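The lines below spell out each chain.
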Amino acid sequence: MKKFLIKMTIVFFLAGCLTVPSVSERRENADRIARENGFTRISIRTVSFILTAYEKVNSPGSLVRIYIEGDGYAFVTRNRVSWDPTPRNPVAFRLAVQDDSANIVYLARPCQYTAHEKDVACDFPYWTSARFSDEVIRSMEMAVSSIVEKTQASGVELIGYSGGAAVAVLIAERRSDVRSIRSVAGNLDSDAVNEYHGVTPLSESLNPVDSAEKIKQIPQIHFSGLEDEIIPESALSSFVRRSGPEACLEIVRVRGADHEMGWVESWPELLNIPFKVCNK
C-alpha cells in the first residue's frame with residue numbers, strides 16, 4: 001500500500017505543470033553525445049539489472065577507464081521521487097568525452113536509460129534508499145567484470161561523479177584490479193550528506209566511508225567544488241579521516257565548481273594532476 005501511494009503521488013505531481021525533459025529526450029541526449037564522440041551504446045545483463053553503458057575502446061588489453069554516473073534524476077523535488085532516474089545532465093558522460101585515453105566506458109546506474117519494461121527489477125528504492133545497496137553494488141561490479149573481460153583490460157581506473165563516487169569506492173573494495181580512483185563532487189559518506197540536508201539515512205544502502213580504510217593503498221584523487229552546496233565538507237573530511245594518515249589519497253579543491261557546473265571545461269586539466277606517490 002505504501003508503494004502504491006508513493007506512485008500515485010508522483011503521477012499526480014507530474015500531471016501538473018512541471019516541465020522537464022521526457023525520458024525519451026534524456027535517452028536521446030545520451031545517444032547524441034555518443035554519436036558525436038565515437039561511443040557505442042551497449043547493454044550489460046547482470047544478476048539483478050540490465051545496465052546501460054557507452055564504450056569507446058581503441059586498445060584492447062590496455063587499462064580501461066570507467067566513468068560511473070551520479071544518482072541522476074532521482075527526485076522531482078526534495079520530497080517527491082522521480083519515476084525514472086535517467087539523468088537530465090549526464091555529467092559523468094560529459095566528463096568521459098573530454099578524456100582522450102585509449103579505452104573509455106561510461107557506465108550508467110541501475111534503471112538509468114534502460115526502459116522499465118525491459119528491466120522489470122527497476123523500482124524506486126534502487127535510486128533512493130537502496131541506491132548503494134549490496135544488490136546494486138554487486139550488479140555494478142559484475143558490469144565492471146564484463147567490461148574487463150570484453151576489453152581484455154590489464155586493469156581498471158574508476159571515476160565516479162556524485163553518487164557514482166560512492167559506487168566506485170564500494171566496487172574498488174571488492175576487486176584486486178583497480179589501479180586508481182578519482183571522484184568528482186563525490187558522495188563519500190552518505191550518512192554525513194543526508195544529515196547535512198536533514199533527510200533520513202539510506203537505510204538499505206552501504207556507506208562508502210566504511211570502505212575507506214580498506215582501499216587506502218589504491219591511488220586516489222577526490223575533487224571537491226568550492227561552490228558545491230550538495231556535498232558538505234563533513235563528507236569529505238570523514239572519508240579522509242577513516243582512510244588514515246598513510247592513505248594514498250589526495251584532495252583537490254576546485255575553484256568555480258559547484259555540484260554540476262565547472263567540471264567539464266576543466267576536466268582535461270584536472271585529469272593531468274598526478275596521483276600521490278605511495279609506498280605499497
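Scroll up to find the structure this text is about.
Residues numbered from 1 in each chain as written. Predicted model: local features only at pLDDT ≥ 70, side-chain atom pairs only at ≥ 80, totals over all residues. Heavy atoms only, no water.

With that out of the way, let us pick up the nonpolar core. The nonpolar side chains of a soluble globular protein tend to be buried, and buried together. Judged by nonpolar contacts, the single largest core of 49 residues is most densely connected at Ile66, Ile68, Leu107, Met140, Leu158, Ile171 and Phe239. Among the elements that take part in this core, helix H5 (residues 163-172) stands out by supplying eight residues, more than any other. Residues within four places of leucine 158 in sequence aside, it is in contact with Ile66, Ile68, Ala168, Ile171, Ala172, Val178, Ser180, Ile181 and Arg182. Ranked by size, the runner-up nonpolar core spans 29 residues in total, among them Ala34, Phe39, Val254 and Leu271. (Core = buried A, V, L, I, M, F, W, Y, C linked by side-chain atoms within 4.5 Å. Buried < 20%, exposed > 50% of the residue type's maximum accessible area, 1.4 Å probe, protein only. Helix = DSSP H or I, 4+ residues; strand = E, 2+ residues; numbered from the N terminus. Contact = heavy atoms within 4.5 Å.)

Turning our attention to the layout of surface pockets. Estimated volume of the largest pocket: approximately 1,400 Å³. Considering the residues around the largest pocket, the lining is formed by 42 residues, among which Asp71, Ala74, Phe75, Arg78 and Arg131 are closest to the centre. Those elements that provide at least two residues to the lining of the largest pocket are helix H1 (2-14), strand E4 (75-77) and helix H6 (190-197). Of the volumes computed, that of the second largest pocket is approximately 160 Å³. Surrounding the second largest pocket, 15 residues form its lining, Ser224, Gly225, Ile231, Glu233 and Leu236 being those nearest its centre. For the lining of the second largest pocket, the secondary structure elements donating two or more residues are strand E9 (220-225) and helix H7 (233-243). (1 Å grid on protein atoms, 1.4 Å probe; cavity = no way out; pocket = protein on both sides within 12 Å on 5 of 7 lines; lining within 4 Å. Points joined across faces, edges and corners; volume = space filled by probe spheres on them.)

All right, on to the pattern of salt bridges then. For the structure on display, the rule yields 17 salt bridges. Close ionic contact of aspartate 134 with arginine 138 constitutes a salt bridge, the shortest N to O distance being 2.7 Å. On the criterion of helical spacing, the pair formed by aspartate 134 and arginine 138 is a turn pair, its members being four residues apart in helix H4 (residues 134-151). As a salt-bridge pair, glutamate 141 and arginine 175 come within 2.5 Å of each other at their nearest N and O atoms. With glutamate 141 in helix H4 and arginine 175 in the loop between H5 and strand E8 (178-184), the pair connects residues that are 34 residues apart, well separated along the chain. On the basis of relative accessible area, glutamate 141 is assigned to the buried category, the value being 16%. (Salt bridge = Lys/Arg side-chain N within 4 Å of Asp/Glu carboxyl O.)

Glancing now at the pairing of strand E3 (residues 64-68). Burial of E3 is extensive: five of the five residues sit out of reach of the surface. Here E3 shows no split at all, with Val64, Ile66 and Ile68 on one side and Arg65 and Tyr67 on the other all buried. In this structure, E3 lies alongside strand E7 (residues 156-161), joined through five bridges in parallel fashion. Paired with isoleucine 68 across the bridge in E7 is glycine 160. Across four bridges, E3 lies against strand E6 (residues 103-107) in parallel orientation. Note on E6: the bridge partner recorded for arginine 65 is isoleucine 104. (Pairing = 2+ DSSP bridges.)

What follows covers the packing of aromatic side chains. Tallied over the entire structure, the rule returns 10 aromatic pairs. Ring centres 4.8 Å apart and planes at 85° place the aromatic pair phenylalanine 49 and tyrosine 126 in the edge-to-face group. Of this pair, phenylalanine 49 sits in the loop between strand E1 (40-45) and strand E2 (50-57) while tyrosine 126 sits in the loop between E6 and H4, placing them 77 residues apart in sequence. A relative accessible area of 1% places phenylalanine 49 in the buried class. Classification of tyrosine 126 by relative accessible area gives buried; the value is 17%. Note on tyrosine 67 and tryptophan 267: the rings are 6.4 Å apart at their centroids and 70° apart in plane angle, and the pair reads as edge-to-face. Of this pair, tyrosine 67 sits in strand E3 while tryptophan 267 sits in helix H8 (residues 267-271), and the two are 200 residues apart along the sequence. Across the pair, tryptophan 267 and tyrosine 67 agree in class, each one buried. One aromatic cluster is present, formed by Phe39, Tyr54, Phe93, Tyr106 and Tyr113 through successive ring pairs. Seen from the ring of phenylalanine 132, arginine 131 lies directly overhead, with NZ or CZ sitting 6.0 Å from the centre. (Phe/Tyr/Trp six-rings, centres within 6.5 Å; stacked < 30°, edge-to-face > 60°. Lys NZ or Arg CZ within 6 Å of the ring centre and 35° of its normal.)

In this section: the state of the cysteines. A complete count under the given rule lists two disulfides for this structure. Here cysteine 111 pairs with cysteine 122 through a disulfide, and the sulfurs are 2.2 Å apart. Taking the torsion about the S-S bond as the criterion, the cysteine 111 to cysteine 122 disulfide, at about -110°, is left-handed. You can see cysteine 111 sitting in the loop between E6 and H4 and its partner cysteine 122 sitting in the loop between E6 and H4, a full 11 residues away along the chain. Assessed through its relative accessible area of 1%, cysteine 111 is described here as buried. Classification of cysteine 122 as buried rests on a relative accessible area of 11%. Between the sulfur atoms of cysteine 248 and its disulfide partner cysteine 278 the distance amounts to 1.9 Å. Residues cysteine 248 and cysteine 278 are joined by a disulfide whose S-S torsion is about 95°; by sign, that bridge is right-handed. Of the two residues, cysteine 248 is situated in the loop between H7 and strand E10 (249-254) and cysteine 278 in the segment after H8; the sequence distance between them amounts to 30 residues. You can call cysteine 278 partly exposed: its relative accessible area is 22%. The connectivity of the disulfide-linked cysteines in the protein chain, indexed sequentially, is 1-2, 3-4. (Disulfide = S-S within 2.5 Å.)

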